[in-house]
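Summary of structural features
What follows is each chain in one-letter form.
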Amino acid sequence: MNGGGSLERERRQAYLLVAPAVLVLAGVALYPILAAVWLSLHRFILVFGERRLTGLDNYAFLLSDARFWAALGNTAYFTLVAVAVELLLAVPLALLLNRAFPGRGLLRASVLVPWAIPTVVSARLWAWMFNPEYGLINRMLPGSDINWLGAPGYALHAAILVDVWKTTPFVALLVLAGLQGIPEDLYKAARVDGASAWRAFRSITLPLLKPALLLALLFRSLDAFRVFDAIYVLTEGGPANTTETLSIYAYKTLMRSGDFGYGSTLSVATFLCVVLLALVWLRLLGREEGAR
Amino acid sequence: MGRRLTLLLASGLIALAVGVSGCRRSEAPREAAGRTRLVFKYQPLWGPPAPFHELLARFERENPGVELVTEALPNASDLAHQFFLTALEGGADDFDVLVADVVWVPEFARAGWIADLSEHFPPERLRADFFPGPVDAVVVDGRTYAVPWYLDVGVLYYRTDLVPRAPRTYEELQRFAREAMAEAPGLQGYVWQGRQYEGLSCNVYEALWGHGGEALGEGGRVLLDSEPAREALAYLRGLLESGVSPRTVTGFSEEEARRVFQEGRAVFMRNWPYAWSEAQKPDSPIRGKVGIAPLPTKSGEPGWGTLGGWQLAVNAHVSPERRRLAARLIAHLTSPEANLVLALHYARNPPRPVVYEDPRLREAEPFIANLKQMVERARPRPVTPYYNLISDVLQSEFSAAVAGLRTPEEALKRAQRQVDHLTGVRE
């Protein structure tokens, strides 16, 4: 009896303790989201003071808006390719950085340089390198006059390249942290059993690395899905919107056109996509935890 | 325990409240010591600061009791627009005079953010004193909402050593370019601005007017799905397909085009007048080999360049007496004398025809004086309050046609549909 009462008190205390955090979260996260949802139900053109409730009109327009679907396709393609390449490059890089060799600390630090440069700055640098007339990249590929940022098909891949260059080190670091959590004994035991290095990688490293990999995937795919700065600096979404992502479309609609109603609809759609993606990853991660 | 938590919660709420109220702008003392502070928001003029400061100081001398304060804006036009969008929507009254891009005036006027200046600058007087293009951009429904400050216009640059004279028709431009290219391998024909951004819209509108088209149709509807527009886009796309323009043009803004031209690697360039002084620098490979002319047209009459440039307007949220002072400042900054200062020291093209005849300008800046025939034919992009809403659509559909992703017919149909949706026009 007495114990139950204290349990009750403890529970109340727990609620009280988390209350400030919940309040802050509600203020800075929940409220803006709900406000955006509410705005998305209006025709709201800031400049002309046009504001009236139109219900789900914006969402109906969204479904038939070819530009939205194109932007969604660009975003999905960008996320898929960029994250896949980053992961494929990051694992070997992490394995390399995990080995003991002189100057390892320095190398680990210097690998992070692309990650440390502000995206706008590095995107500007890359824009110059991609310049078809005097850019470094076309000079390095003699005979090529690829119009990197001006030709549909190339431009999105150029943006993916910039993202891979920038974020691979970050993924490598996440993987490296995972690698260091694997006990050395397992490898010793494998060697005693006569397993090859490949076998050890397949049967020990990869399975034990899975949570770290999933975490990296979670971080990176959510980030990549909201990509804005790099692409905006490189192409502003051109040519012909072939590099326009959801964030860029939403930004242009909101900030350039001042169409707050439909802009919010686009933001909400982006938000829902990201939430969906996060739920999938978290589920996978949860299953991983459960399997242990 | 409970009390402490309540305390914690309360202090959290207080912090939140302080944070929220902190967002409200603090009202700076405006009428300090009997002097009125007049705030002028503008984009810095590149060049020596002294002549402009002297121009402002003269206003202060002529209006004792006024303290003039200048505040800088970002140079990129869309960032400046964003600033005004948020500041004026929020009812900001901490600046009195502001600069506005040609395409903003109808929008800001309709929103009620800039004051009606017809009383101080009647439209008839503007029409008498200024070029027609900029007046069209600042007079909305018969009322004056801004005064042209300095302007810009799209022009054709050509290499006097490679072609016999400036081309008058599109056909001539392509023929001259091909002839010059045949003699010098590696040379490019015609460079312009084909990247998806506002500059592309300027290039497309010039081609549209050059094919006899108009930007606005009946009842002020933005007209896109028209024969001249189809011809214009087909012409621009054709330049790329025939090789007269390099395919890389689809990634060019002003500076990319200028660099190619300046290195002597192109016969023709469409650009704004600023490229002239760069081309004439002592170390420029094309110094003394460059001519400038109106853009060609289909028929051969001199072409219409897109109007760019900046206007001065008054913040509608400030008090009537401040508005009067602000109008006086605008009159001072847009006088023929001020036009001349901006032209001589900052190479800004005067919006008043009379200044082009001034011997001081003809003497010191013959290049600007010679721009007159192009400036008087400068045309604004569609004058509609919805321009900022639709420019995005224009850019992407124009880009699709120029890059060859869609045919001109298809791109223009799509653009028309979206623009009608945005401006509320019913079929």
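Residues numbered from 1 in each chain as written. Chains lettered and ligands numbered in written order. Predicted model: local features only at pLDDT ≥ 70, side-chain atom pairs only at ≥ 80, totals over all residues. Heavy atoms only, no water.

Moving on, we come to the overall build of chain A. A tally of regular secondary structure across chain A gives 13 helices and two strands. For a compact globule of 292 residues, the expected C-alpha radius of gyration is about 19 Å, and chain A comes in at 24 Å, more than 25% above that figure. Along the three orthogonal principal directions, the C-alpha set of chain A runs to about 85 × 75 × 30 Å. By the burial criterion, 46% of the 292 residues in chain A qualify as buried. For chain A, the proportion of contacts with a sequence separation of at least 24, taken over those separated by at least 6, is 65%. With the model as given, the accessible surface of chain A reaches about 15400 Å², and the carbon-plus-sulfur share is 70%. (Helix = DSSP H or I, 4+ residues; strand = E, 2+ residues; numbered from the N terminus. Rg over C-alpha atoms; globule rule 2.2 N^0.38 Å. Buried < 20%, exposed > 50% of the residue type's maximum accessible area, 1.4 Å probe, protein only. Contact = heavy atoms within 4.5 Å. Areas by Shrake-Rupley, 256 points an atom, 1.4 Å probe, with all protein chains shown as cover.)

The next point concerns a nonpolar patch on the surface. Residue and element names in this part refer to chain A. Side chains of Ile 33, Val 37, Phe 271, Leu 272, Val 275 and Leu 279 sit close together on the surface and give an oily, nonpolar patch of about 460 Å² of accessible area. Looking at the nonpolar patch, the elements that each hand over two or more residues are helix H1 (2-39) and helix H13 (260-291). If one sorts the elements of the nonpolar patch by residue count, H13 sits on top with four residues. Within the secondary structure, Leu 272 sits in helix H13. (Patch = residues over 30% accessible without salt bridge, like charges linked within 9 Å, V, L, I, M, F, W, Y side chains within 5 Å. Salt bridge = Lys/Arg side-chain N within 4 Å of Asp/Glu carboxyl O.)

A separate point is the domain arrangement of chain A. Residue and element names in this part refer to chain A. As assigned here, chain A comprises domain 1 (2-39) and domain 2 (57-291). Residue-level contacts link four residues of domain 1 with four residues of domain 2. Carbon and sulfur atoms supply 76% of the area buried between domain 1 and domain 2, which totals about 380 Å² over both sides. Our count for the contact surface shared by domain 1 and domain 2 stands at zero salt bridges. The interface formed by domain 1 and domain 2 holds zero residue pairs in polar contact (both at pLDDT 80 or more) in total. Across the side of domain 1 that touches domain 2, the residue classes tally to four nonpolar, no polar and no charged. (Domains from an automatic or database assignment. Buried area = accessible area lost by both parts, 1.4 Å probe. Polar contact = N/O pair within 3.5 Å; in protein donor to acceptor, adjacent residues only side chain to side chain. Nonpolar A, V, L, I, M, F, W, Y, C, P; charged D, E, K, R; others polar.)

Along the chain, Gln 188 of chain B turns up in strand S8 (residues 188-191). Excluding anything up to four places from it in sequence, Gln 188 of chain B contacts Glu 133 of chain A together with Met 181, Val 244, Pro 246, Val 260, Arg 265, Ala 266 and Val 267 of chain B.

One finds Phe 40, Phe 52, Trp 149, Tyr 190 and Phe 268 of chain B to be the most contacted residues of the largest nonpolar core, which totals 150 residues. There are two domains that each give this core at least three residues, and those are domain 1 (33-151 + 307-373) and domain 2 (155-305 + 386-423) of chain B. If sequence neighbours within four positions are ignored, Phe 52 of chain B has contacts with Phe 40, Tyr 42, Leu 45, Trp 149, Leu 333, Leu 342 and Tyr 346 of chain B. The next biggest cluster of nonpolar side chains, apart from the first, holds 63 residues, and it includes Ala 82, Ala 90, Ala 94 and Leu 266 of chain A. (Core = buried A, V, L, I, M, F, W, Y, C linked by side-chain atoms within 4.5 Å.)

Right, let's talk about the pattern of salt bridges for a bit. Scanning the model with the defined rule gives 41 salt bridges over all chains in all. A salt bridge links Arg 256 of chain A to Asp 392 of chain B; the shortest N-O distance between them is 3.4 Å. In this pair, Arg 256 of chain A is assigned in helix H12 (residues 246-256) and Asp 392 of chain B in helix H18 (residues 387-402), connecting two distinct chains. In this structure, Arg 256 of chain A and Asp 392 of chain B share a single accessibility class: buried.

Further remarks concern the confidence of the model for chain B. Atomic detail in the predicted coordinates should be set aside for any region of low pLDDT. Residues and elements named next belong to chain B. Per-residue pLDDT for chain B averages 90, and the proportion of residues at 70 or more is 92%. Per-element averaging of pLDDT across chain B places helix H1 (residues 2-22) at the bottom with 45 and strand S9 (residues 266-271) at the top with 98. Scored below 50 in pLDDT, residues 5-29 shows 10 contacts in the model against residues more than four places distant or in partner chains. Scoring the predicted complex yields pTM 0.82 and, for the interface, ipTM 0.72. (pLDDT = per-residue confidence, 0-100.)

What follows covers the domain arrangement of chain B. Residues and elements named next belong to chain B. Domain assignment breaks chain B into domain 1 (33-151 + 307-373) and domain 2 (155-305 + 386-423). Its C-alpha centre places domain 1 at a distance of 29 Å from the equivalent point of domain 2. Listed as interface residues are 11 residues of domain 1 and, on the opposing side, 10 residues of domain 2. Together, the buried faces of domain 1 and domain 2 total about 820 Å²; carbon and sulfur atoms form 65% of this surface. Looking at the side of domain 1 facing domain 2, the largest losses of area belong to Val 103, Leu 307 and Phe 367, adding up to 52% of the total buried there. Across the domain 1-domain 2 interface, the total number found is zero salt bridges.

The subject of this paragraph is the packing of aromatic side chains. This structure, assessed with the given rule, holds 33 aromatic pairs over all chains. Plain terms: the ring middles of Tyr 249 of chain A and Tyr 262 of chain A are 6.4 Å apart, the flat faces sit at 70° to each other, and that makes the pair edge-to-face. Linking Tyr 249 of chain A in helix H12 with Tyr 262 of chain A in helix H13, this pair joins segments that are 13 residues apart in sequence. Tyr 249 of chain A sits in the buried class, given a relative accessible area of 5%. With a centroid separation of 5.6 Å and 35° between ring planes, the pair formed by Trp 104 of chain B and Phe 108 of chain B is classed as tilted. Through a chain of ring-to-ring contacts, three or more aromatic side chains come together here, namely Phe 83, Phe 84, Phe 95, Trp 104, Phe 108, Trp 113 and Trp 310 of chain B. Positioned over the ring face of Trp 128 of chain A is Arg 124 of chain A, at 5.5 Å from the centre of the ring. (Phe/Tyr/Trp six-rings, centres within 6.5 Å; stacked < 30°, edge-to-face > 60°. Lys NZ or Arg CZ within 6 Å of the ring centre and 35° of its normal.)

All names here are of chain B. Most of strand S7 (residues 155-159) sits out of view: five of its five residues are buried. Judged by which residues are buried, S7 turns out to be covered on both faces: Val 155, Tyr 157 and Arg 159 on one side and Leu 156 and Tyr 158 on the other are all buried. Direction of pairing for S7 relative to S9: antiparallel, over a ladder of four bridges. If you follow Leu 156 over to S9, its bridge partner there is Arg 270. (Pairing = 2+ DSSP bridges.)

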